[in-house]
Amino acid sequence: MLEKIKNRAIRLAMQAYMATRRHSVTDGVVGIQLRRPKKAPHYSSEVLRAGSVQSKGASPLPVDIQVERDVPVRLRDGTTIYTDVFRPTGADRVPAVVAWSPYGKTEPFDSVAKPEQALSGLQKFEAADPGWWVPHGYAVIQPDIRGIGNSGGRFTQWGTQDGRDGYDLVEWIAEQSWSNGKVGFAGNSWLSISQWFIGAQRPPHLAALAPWEGFADVYRNTVAPGGVPSPEFAGMVPVVLRGRQYGEDLPAMVDRHPLMDDYWRDKIAAVERITVPTYVVSSYTNKVHTRGTIHAFNALTVQDKWLRIHNIHEWRDFYRNQEDLLRFFDRYLKGVDNGWESTPRVRMSVLDPGGEDETNIVTDSFPPPGTEPVRLYLTANAGLSRDAQAAEASVAYTADDGRSRAQFTMVFTEDTTIAGHWKLRLWVEADGADDIDLFLQCQKLDAAGNVIPVIVKGAPYGDANGVGEFEWGHGMLRASRRAVDEDRSTPFVPFHPFDHEQRLKRGEVVPVEIEIPPMAMRWHAGEQLRLLVAGYNMQSPEFNFLAPTKTLNKGRTVLHVGGRYDSHLLAPVLKP
């Protein structure tokens, strides 16, 4: 109860704070005033001495580090941004690793990442630590991107503009006297997402990308997944940023542009244009990143691409696997013949809640070869069956009470691994409405019917040991946006254009196809799979103080099964 009261208080305080911010509209884009930076730009250069400690709790620097702060970089449109540069002392030319994000180079967004080892305190949030990378012969570049800090221009959240700005920084780096002309990007989340847009611009001196946990389509993966406006997370971002001008307000833009149009198409990275070696990392449990990361990897056409899917929290994984990333960058930014090319193209995990996860499984692709599509038909008696039901029936729930839901369960009679994308085909009817917001959740149950949660180590919001429970198997769809482009779809992944609406008529029963983000999970004989369907988002938000997803639901939602209505869960079962 105290936690709920605290979260509500934080949510109300954040809403009140946001309400005091001024807004502006420029070229049709709504902007919100960012907090002013604390300091004006001031160029400085110094050597941070080996053994020195840069902040409380940080690790001592292992070597001398040359740092230049507030270095001006002029972009092609005349805008000036400012960057900090950390590099080895001496005259050697070195490659650069860029941390491209809005999280502050001089007034850093507080990191709650807790890797086993202490960091130097020089790093940006979710970024490569200069205290680790400089001793390995790299420069680390930490810019305040357009509109952030003292950098000029209006802050934009990804898109073509962000890609062009990143291109210009890459080419500026290549011109510096300390540069060997090779530039790479690394980092989690924002620092990953931006790489897809920058890589698509093909800067000549870009040599490698390492997008770990992100996405390449803003509309489908964060502000309106399944066509359901869900801008709560995106709306939190401006609260923590500083800049002298207005920043793009994505929640306001969802209101202005509820459907896919040119505004949102500009925020889809042309991943297929990327030509440099790319090392992609994902997990199955990230609420924002999982779907988009794996979709982007599969959209890459470059031959030199690698994917690793881990089973811990993304921040812990990033700092735990720096040696692996170093081998990748040494190969493509330094030209070291270290055998990186023999690294398996895909290393995946299989989660086993209640048992032991299996990690670093070598395969050629994800989803892995050797999966069989299995239809699990929804039944009127709350079951999932491999056999289609001959008799037509229906199951209904109250659409808008925030509690009612339908559920369907099956028991595994033998050990079974399901690995890949999931899809639900569902026949629905709106009783008392002309539209439906549908929300799904899959769960693993023990033999007694108790939920077995996914336990993730290194979770920042977990217990004192960094262990948290995570949800998985979520999907959502607004029924009026159910249209599917068959040419761009696969059996497991429906592609929704989201560019028009088809409202439901009274008594009309329509099929919908809902993607469930990829997962690899093992069930043991006697354990159960449960599918939940509801009119409210059963997935708790990334931050507990965020408001729940608003819906347009009212009346009853009726699910039709059996006979003509082939409602089923399509699962990729891995052959033994």
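Residues numbered from 1 in each chain as written. Predicted model: local features only at pLDDT ≥ 70, side-chain atom pairs only at ≥ 80, totals over all residues. Heavy atoms only, no water.

## Let's talk about the overall build of the protein
Here is the rule: Secondary structure counts use DSSP, requiring at least four H or I residues in a row for a helix and at least two E residues in a row for a strand, with both numbered from the N terminus. Within these notes, the globule rule equals 2.2 Å times the number of residues to the 0.38 power, and the radius of gyration is based on C-alpha atoms. The cut-offs for exposure are 20% and 50% of the maximum accessible area for each residue type, with area from a 1.4 Å probe on protein chains only; residues under the lower value are buried, those over the upper are exposed, and the others partly exposed. Every residue pair with non-hydrogen atoms within 4.5 Å of one another is taken to be in contact. In this description, accessible areas are obtained by the Shrake-Rupley approach with a 1.4 Å probe, and a residue is regarded as covered only by the protein chains that are shown.
Scanning the protein for helices and strands turns up 11 helices and 27 strands. Scaling as 2.2 N^0.38, a compact globule of 576 residues should have a C-alpha radius of gyration of about 25 Å, and the protein matches this with 24 Å. With 576 residues in all, the protein has 58% of them scored as buried. A separation threshold of at least 6 residues defines the contact pool for the protein, and within that pool the share at least 24 residues apart is 75%. Summing over all exposed atoms, the protein offers an accessible surface of approximately 23,200 Å²; the carbon and sulfur share of this is 48%.

## Notes on empty space enclosed by the protein
Our working definition: Here the term cavity refers to a set of points on a 1 Å grid, laid over the protein atoms alone, in which a 1.4 Å probe fits but cannot get out; the term pocket refers to an open set having protein on both sides within 12 Å along at least five of seven lines, with lining residues being those that place an atom within 4 Å of a point. Grid points are joined across faces, edges and corners, and a volume is the space filled by probe spheres set on the points. When residues are sorted by character, Ala, Val, Leu, Ile, Met, Phe, Trp, Tyr, Cys and Pro go into the nonpolar class, Asp, Glu, Lys and Arg into the charged class, and all the rest, Gly among them, into the polar class.
Applying the stated rule across the entire model yields two cavities of 30 Å³ or more. Volume-wise, the largest cavity comes out at about 60 Å³. Lining the largest cavity are 10 residues, with T285, N286, H313, E314 and F470 positioned closest to its centre. Classifying every residue of the lining of the largest cavity gives three nonpolar, four polar and three charged. Its boundaries defined by the atoms lining it, the second largest cavity holds a volume of some 30 Å³.

## Side note on the pattern of salt bridges
The line we're drawing: The term salt bridge refers to a side-chain nitrogen of Lys or Arg lying within 4 Å of a carboxyl oxygen of Asp or Glu.
Enumeration according to the criterion identifies 32 salt bridges in this entry. Between K105 and D70 there is a salt bridge whose closest N-O contact spans 2.6 Å. With K105 in the loop between strand 6 (94-98) and helix 2 (130-133) and D70 in strand 4 (residues 65-74), this residue pair connects regions lying 35 residues apart in the sequence. Linking D165 and R146 is a salt bridge whose minimum nitrogen-to-oxygen distance equals 2.7 Å. Taken together, the residues D165 in helix 3 (residues 160-174) and R146 in the loop between strand 7 (139-144) and helix 3 connect sequence positions 19 residues apart. Each member of the pair D165 and R146 is classed as buried. Each of R375, K423, R425, E513 and D566 takes part in one network of salt bridges that share partners.

## Topic: the sheet that holds strand 1 (residues 23-26)
So the rule is basically this: Strands qualify as paired when DSSP identifies two bridges or more between them. Angles run from 0 to 180 degrees between N-to-C directions of axes, and those axes are lines fitted to C-alpha atoms, restricted for helices to the stretch in contact.
What the three strands build is an open sheet, ordered 1-2-10; its pairing is antiparallel. Of all the strands in the sheet, the pair left with one neighbour each is strand 1 and strand 10 (246-248). When strand polarity is set aside, the average angle formed by the axes of neighbouring strands in this sheet is 40°. Relative to strand 2 (residues 29-33), strand 1 runs antiparallel, the two sharing four bridges. The residue bridging T26 from the neighbouring strand is V29, located in strand 2.

## Some thoughts on the pairing of strand 24 (residues 510-523)
Extensive coverage of strand 24 is indicated by the burial of 12 of its 14 residues. Pairing between strand 19 (residues 416-431) and strand 24: 12 bridges, direction antiparallel. Opposite K423, over in strand 24, you have E515 as the bridge partner.

## With respect to helix 4 (residues 190-200)
In terms of burial, helix 4 is largely enclosed, as 11 of its 11 residues are buried. Among the residues of helix 4, those classed as buried are W190, L191, S192, I193, S194, Q195, W196, F197, I198, G199 and A200. Its buried side turned inward, helix 4 meets helix 3, strand 8 (179-188), strand 9 (206-212), strand 11 (278-282) and helix 9 (290-299). Trailing helix 4 by a residue or two, R202 shows a phi angle of about 55°, which is positive.

## Let's talk about the nonpolar core
For clarity, the cut-off: Residues grouped as a nonpolar core are buried Ala, Val, Leu, Ile, Met, Phe, Trp, Tyr and Cys residues, joined through side-chain atoms within 4.5 Å.
Core analysis: the biggest nonpolar cluster contains 116 residues, and W264, W422, L529 and V533 have the highest contact counts within it. In terms of nonpolar packing, the next biggest core, distinct from the first, is built from 30 residues, L48, V134, A210 and F318 among them.

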